[in-house]
Amino acid sequence: MATERARRPDSFTQAAKENVAARDVCPFCPGHESMTPPEVLAYRAPGTAPNSEGWWIRVVPNLYAAFRLEPDGQEHREDRFWQRDALGACEVLISSPDHRAPTPLLPRLQVEEIVQSYVDRYRHHNENPALEHVLILYNHGRPAGASLEHPHSQLYAIGLEPPSVLEELEGARRFGQSNHECVFCRTLEDERRAGARVVYENEAFVVFAPYAARTPFETWIMPRRHTASFGDLDLKREKPAFAEAIQLTLKAVYDGLNDPPFNYFIHSAPLRTSAAQPYHWHLELIPKLSTAAGFELGTGMWINVVKPEDSAAFLRERINQAVAQPVQSEASG
Ligand SMILES: [Zn+2]
Ligand SMILES: [Zn+2]
Ligand SMILES: [Zn+2]
């Protein structure tokens, strides 16, 4: 429960109602640094002061945090009613000083800086023994849950393991016990051999539509090197390749599907995990082209109206075109 989050500002409504340029009231725009809590990380020009203009990436605590590091994680029990303080940290990672630069259109180098900020904050929270998990996510467009228009990612560092990651981890353990290999590595091998669901691959990452995609155009980006934790991303070799895979995929979705709302999130092993964990971090991208309704909520099953082979072929075609004529698609950032 986080009732104070109901008071979050909503730039979409403001822009629509008052027809003002949203950037006049945007707390994430340069010049408005005092509207956010003090920054915890910024990549900025030499000689510029913290919490002033001159940055190209800026990370601040979420003013409307659902989790806080201050409480001591107390439990309260009353018969069968049990609750615990929401221990953790919520941060906003502002992707660009440019209010109107959607992430799918950012230049490659800026996406690399975004990835670098993900890694820096992941590694920071990894050191805190009170925390169990870090989830990094991006909401694009209001129907996907973004309340401020200025492009930004979010980080949740929390004191418990989310059920969806536990479920994947459990499945990976079961598969590892009977097959003595990583189910994710095996999936990459199988998908690359089959080819039909592969969207793109470079030297370090494979982009593919999962075999049992839950929603139209669900797409995963997975490192080819077996790595349980996102915090172990190789900054020299893997960072540029990851940024490239993200950028090409988001751009293909943006152009090909007319800028749909989407969510992506990075699934990583529990914090301070050993490299031997049978887990393999990955990014899941879910364009919001359909709505989970009574059937999905009532069964936990998904009816998908687009075959993953078809969505993969569509995006693959887009990316092939973009790679063939690279320059014109780059927006200034
Ligand atoms: Zn802004
Ligand atoms: Zn693996
Ligand atoms: Zn996952």
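Counting of residues starts from 1 at the beginning of each chain's written sequence and follows it residue by residue. Chain letters and ligand numbers both follow the written order, the letters beginning at A and the numbers at 1. A pLDDT threshold of at least 70 governs which residues receive local features in this predicted model, and a stricter bar of 80 or more applies before side-chain atom pairs are shown or counted, although totals over entire chains, interfaces and linings include all residues.

Here we take up the pairing of strand β10 (residues 219-223). Counting buried positions over the 5 residues of β10 gives 5, a clear majority of the element. Side chains Thr-219, Ile-221 and Pro-223 of β10 all project onto a buried face; the interleaved residues Trp-220 and Met-222 project onto the opposite face, where all are buried too. Bridge count between strand β9 (residues 205-208) and β10: 4 bridges; the pairing is antiparallel. Its bridge partner lying in β10, Val-206 is registered against Met-222. Note: β10 against strand β12 (residues 282-287), 3 bridges, orientation antiparallel. Residue pairing across strands places Ile-221 opposite Leu-283, the latter belonging to β12. We call a residue exposed when 12 or fewer other C-beta atoms sit within 10 Å of its C-beta, buried when the count reaches 20 or more, and partly exposed for counts in between; the C-beta positions come from the backbone. Secondary structure follows DSSP: runs of H or I at least 4 residues long count as helices, runs of E at least 2 residues long count as strands, and numbering of each begins at the N terminus. Strand pairing follows a simple DSSP-based rule, namely that at least 2 bridges must link the two strands.

Counting residues in hydrophobic clusters, the biggest one holds 63 residues, and the most contacted among them are Phe-205, Val-207, Ile-221, Phe-242 and Ala-245. The element that contributes the greatest number of residues to this core is helix α5 (residues 238-256), accounting for 9 residues. A domain-level breakdown of this core finds at least three residues from each of domain 1 (11-73 + 82-158) and domain 2 (163-324). Among all residues touching Ile-221, those that are not within four sequence positions of it are Phe-205, Val-207, Ala-245, Ile-246, Thr-249, His-282 and Leu-283. What makes a nonpolar core is a set of buried Ala, Val, Leu, Ile, Met, Phe, Trp, Tyr and Cys residues, with links drawn between C-beta atoms within 7 Å. Start and end points for every domain follow an automatic or database-based domain assignment. Whether two residues are in contact is decided by their C-beta atoms, placed from the backbone, lying within 7 Å.

Strand pairing in a sheet relies on backbone hydrogen bonds. The paired strands run either parallel or antiparallel. Taken in spatial order, the 10 strands of this open sheet run β1-β2-β5-β7-β6-β11-β12-β10-β9-β8, and their pairing is antiparallel. At either margin of the open sheet sits one strand with a lone partner, and together these are β1 (41-44) and β8 (198-201). Here the average twist between neighbouring strands, direction ignored, is 15°. Summarising the sheet, strand β11 (residues 262-267) and β12 pair through 6 bridges and their orientation is antiparallel. Fitting a line to C-alpha atoms yields each axis, with helices limited to the stretch in contact; the angle taken between N-to-C directions then spans 0 to 180 degrees.

Let's shift gears to the domain arrangement of the protein chain. For the protein chain, the domain assignment lists domain 1 (11-73 + 82-158) and domain 2 (163-324). A C-alpha centroid distance of 23 Å is found between domain 1 and domain 2. Counting residues at the interface gives 27 residues for domain 1, matched by 27 residues for domain 2. Looking at the side of domain 1 that touches domain 2, the elements that each hand over two or more residues are α2 (108-126) and β6 (133-140). The greatest single-element share of the side of domain 1 that touches domain 2, amounting to 9 residues, is contributed by α2. Each residue gets one label: Ala, Val, Leu, Ile, Met, Phe, Trp, Tyr, Cys and Pro are nonpolar, Asp, Glu, Lys and Arg are charged, and the others, such as Gly, are polar. Residue composition of the side of domain 1 that touches domain 2, grouped by class: 14 nonpolar, 8 polar and 5 charged.

Looking at the secondary structure, you find Arg-237 in the loop between β10 and α5. Along the sequence, Arg-237 and Glu-203 sit 34 residues apart, while their C-alpha atoms lie 8.8 Å from each other.

The next subject is helix α4 (residues 183-194). Every helix has an expected span of 1.5 Å times one less than the residues it contains. Compared with the 16 Å implied by 1.5 Å per residue over 12 residues, the 16 Å span of α4 between its first and last C-alpha is a close match. When we look at burial in α4, the residues that qualify are Phe-184, Leu-188 and Glu-191. End-on, the buried residues of α4 take up no more than an arc of 70°, which puts them together on one face. In this structure, α4 carries Asp-190, Arg-193 and Ala-194 as exposed residues pointing more than 90 degrees from its buried face. Tucked inside the fold, the buried residues of α4 contact α3 (163-179), β8, β9, β10 and β12. Just past α4, the residue Gly-195 takes up positive phi, approximately 80°. In this context, the arc is that of the directions from the helix axis out to the C-beta atoms.

Here we take up the confidence of the model for the protein chain. What pLDDT expresses is the predictor's confidence in each residue, scored from 0 to 100. Mean pLDDT over the protein chain stands at 90; residues scoring 70 or higher make up 91%. A low-confidence stretch, residues 16-20 stays under pLDDT 50, and its non-local contacts, those more than four residues away or across chains, total 3 contacts.

Interaxial distance between α2 and α5 falls to 9 Å at its minimum, and their mutual angle equals 115°. Where α2 crosses over α5, the handedness of that crossing is right-handed. Seen from α2, the contacting residues are Arg-108, Val-111, Glu-112, Val-115 and Gln-116; seen from α5, they are Lys-239, Pro-240, Phe-242, Ala-243, Glu-244, Ile-246 and Gln-247. Among the residues making up the contact of α2 with α5, the classes are represented as 6 nonpolar, 2 polar and 4 charged. Should the near helix be turned anticlockwise from the far one by less than a right angle, the crossing is termed left-handed; should it be turned clockwise, right-handed.

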